[in-house]
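Single-letter residue listing:
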Amino acid sequence: MSKRKELGDKIVDKDAMVDDESGDDEDFDVLDVDFEWFDPQPEVDFHGIKTLLQQLFDVDAQLFELSALTDLILSQPTLGSTVKVDGNETDPYAFLSVLNLQEHKDKPFVGKIIQYLQSKAKSKPELTPLADLLSQATIQPIGLILTERLINVPSEVVPPMYTMLLEEIQWAIDDKEPYTFSHYLILSKTYTEVASKLDAEDDRPKKKKKATGGGFETMYFHPEDEVLHRHAICHGQYDYSIKQDEGHSDSKRAFQELGIKPQGHVMLISGDEFKAAVQDVAEYLKPQA
């Protein structure tokens, strides 16, 4: 394990805060968690990273060879990070890695991801720059950033992963490895709230839609995405290819009135702008004193 990843830090999990039984709003039970950042480890991280990839690709995960994709991520252990709580031998709570699409384009499972993203970009006018980039006869050296974390992991774990990635990319370039990227393509997820089928059946009161545009507001699983938007050439959502039945969104309600409809989300950032984007994310998500 590279010592540069031994960055144990104590971060308050805000979602784990619980009101004290006294009822005093100022009293909380606070869970302090020591997170550690590690290099990806082929011997211990295969199942954890594959599970996080399944979460990232959501229902479309079955379209891809995630085992091969996980092996590729683990084949470059000095690039990218995992975040763990109970030591290196445990499954990661989060990960981040980058793949050179130009370098790996001839691998069938990578080619399928490129075709998938090209198709999704072509379906959205706001993603035309991405569609054009992926449609070139010779694919550019695009860094595909794959990152995901468990739902209750605080966003403060994100800046160290991106900051270390910048350092690792520079070290790789200094060693004449193929990590000089013209663009970075970041995959993520968003969701919208949708009217519940159960409410319709039961004649329950329905939550009003957002006034502007007549639809529900787009919500972000990853708050850093809205910061990355400021630096993006383009960004946008797309529907997953595999359709779910009408009750699927209700299965994701999680004690709220409305159902949840996840969507894929992509952001394209130029290579020259990526460092500034990372710095912006670090400032936005820095732990509060």
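None of these values were measured; they are calculated from a predicted model.

The subject of this paragraph is the overall build of the protein. The helix and strand tally for the protein stands at 9 helices and 11 strands. Counted over contacts in the protein with a minimum sequence separation of 6, partners at least 24 positions apart contribute 78%. Per element, the accessible surface of the protein, about 14,700 Å² overall, is 48% carbon and sulfur.

Overall, the coordinates contain 9 aromatic pairs when judged by the stated rule. Plain terms: the ring middles of Y238 and Y240 are 6.2 Å apart, the flat faces sit at 85° to each other, and that makes the pair edge-to-face. Neither residue differs from the other here; Y238 and Y240 are each classed as buried. Among the aromatic residues, those joined into a cluster by ring pairs are F57, F64, Y116, Y238 and Y240. Above the plane of the ring of F38 lies K84, whose end atom (NZ or CZ) is 5.7 Å from the centre. Sitting over the ring of F221, K189 keeps its end group 5.0 Å from the ring centre.

Before going further, it helps to examine the packing of helix 1 (residues 46-57) against helix 2 (residues 66-74). Running from amino to carboxyl end, helix 1 crosses helix 2 at an angle of 120°, the nearest separation of the two axes being 9 Å. Accordingly, the angle class assigned to the pair helix 1 and helix 2 is oblique. In this structure, helix 1 crosses over helix 2, and the sense of that crossing is right-handed. The segment helix 1 lies against helix 2, with F46, I49, K50, L53, Q54 and F57 engaging L66, S67, L69, T70, D71, I73 and L74. In the contact of helix 1 with helix 2, the residues fall into 8 nonpolar, 3 polar and 2 charged.

Ranked by internal contacts, the top residues of the largest apolar core, which has 39 residues, are L53, F57, L69, L117 and L146. Examining the composition of this core, we find that 7 residues originate from one element, helix 4 (residues 108-122), more than from any other. Once residues within four sequence positions are removed from consideration, L69 is found in contact with L53, F57, L99, F109, I113 and L146.

Another point: the packing of helix 6 (residues 158-174) against helix 9 (residues 274-284). Taken N-terminus to C-terminus, the directions of helix 6 and helix 9 make an angle of 155°; their axes are 9 Å apart at the nearest point. Between helix 6 and helix 9, the angle falls in the class roughly antiparallel. For the crossing formed where helix 6 meets helix 9, the hand is left-handed. Counted together, V158, P159, Y162, T163 and L166 of helix 6 and F274, K275, V278, V281 and A282 of helix 9 form the full contact between these two elements. Broken down by class, the residue content of the contact of helix 6 with helix 9 amounts to 8 nonpolar, 1 polar and 1 charged.

Our next topic: unusual backbone geometry. Residues other than glycine seldom take positive phi values, yet D58 does so here, at roughly 55°. As for its position among the elements, D58 is in the loop between helix 1 and helix 2. Owing to a relative accessible area of 16%, D58 belongs among the buried residues under this scheme. Of note in this structure, K176 is not a glycine but carries a positive phi near 65°. Along the chain, K176 turns up in the loop between helix 6 and strand 8 (183-194).

We now examine the confidence of the model for the protein. A residue-level look at the protein finds 77% of positions with pLDDT of 70 or above and a mean pLDDT of 84. Here residues 200-214 is modelled with pLDDT under 50, and outside its nearest four sequence neighbours on either side it reaches 17 contacts, counting other chains as well. A low-confidence stretch, residues 247-255 stays under pLDDT 50, and its non-local contacts, those more than four residues away or across chains, total 17 contacts.

This part covers the pattern of salt bridges. What the rule picks out here adds up to 6 salt bridges. Notably, a salt bridge pairs D45 with K84, separated by 2.6 Å at the nearest N-O pair. Of this pair, D45 sits in the loop between strand 4 (32-38) and helix 1 while K84 sits in strand 5 (residues 81-84), and the two are 39 residues apart along the sequence. Assessed through its relative accessible area of 0%, K84 is described here as buried.

Tracing the chain through its elements places P129 in helix 5 (residues 128-134). When the C-alpha positions of P129 and H235 are compared, they lie 9.5 Å apart, and in sequence the two are 106 residues distant. The contacts of P129, once residues within four sequence positions are left out, are I233, C234 and L268.

On inspection of all chains with the given rule, the structure shows 1 cavity of 30 Å³ or more. Within this model, the largest cavity holds a volume of roughly 40 Å³. Elements with a contribution of two residues or more to the lining of the largest cavity: helix 1 and strand 8. Partitioning the lining of the largest cavity into residue classes produces 5 nonpolar, 2 polar and no charged.

About the thresholds
Residues numbered from 1 in each chain as written. Predicted model: local features only at pLDDT ≥ 70, side-chain atom pairs only at ≥ 80, totals over all residues. Heavy atoms only, no water. Helix = DSSP H or I, 4+ residues; strand = E, 2+ residues; numbered from the N terminus. Contact = heavy atoms within 4.5 Å. Areas by Shrake-Rupley, 256 points an atom, 1.4 Å probe, with all protein chains shown as cover. Phe/Tyr/Trp six-rings, centres within 6.5 Å; stacked < 30°, edge-to-face > 60°. Buried < 20%, exposed > 50% of the residue type's maximum accessible area, 1.4 Å probe, protein only. Lys NZ or Arg CZ within 6 Å of the ring centre and 35° of its normal. Axes fitted to C-alpha atoms, helices over the stretch in contact; angles between N-to-C directions. Parallel < 35°, antiparallel > 145°, perpendicular 65-115°, else oblique. Left-handed = near helix turned anticlockwise from the far one by under 90°. Nonpolar A, V, L, I, M, F, W, Y, C, P; charged D, E, K, R; others polar. Core = buried A, V, L, I, M, F, W, Y, C linked by side-chain atoms within 4.5 Å. pLDDT = per-residue confidence, 0-100. Salt bridge = Lys/Arg side-chain N within 4 Å of Asp/Glu carboxyl O. 1 Å grid on protein atoms, 1.4 Å probe; cavity = no way out; pocket = protein on both sides within 12 Å on 5 of 7 lines; lining within 4 Å. Points joined across faces, edges and corners; volume = space filled by probe spheres on them.

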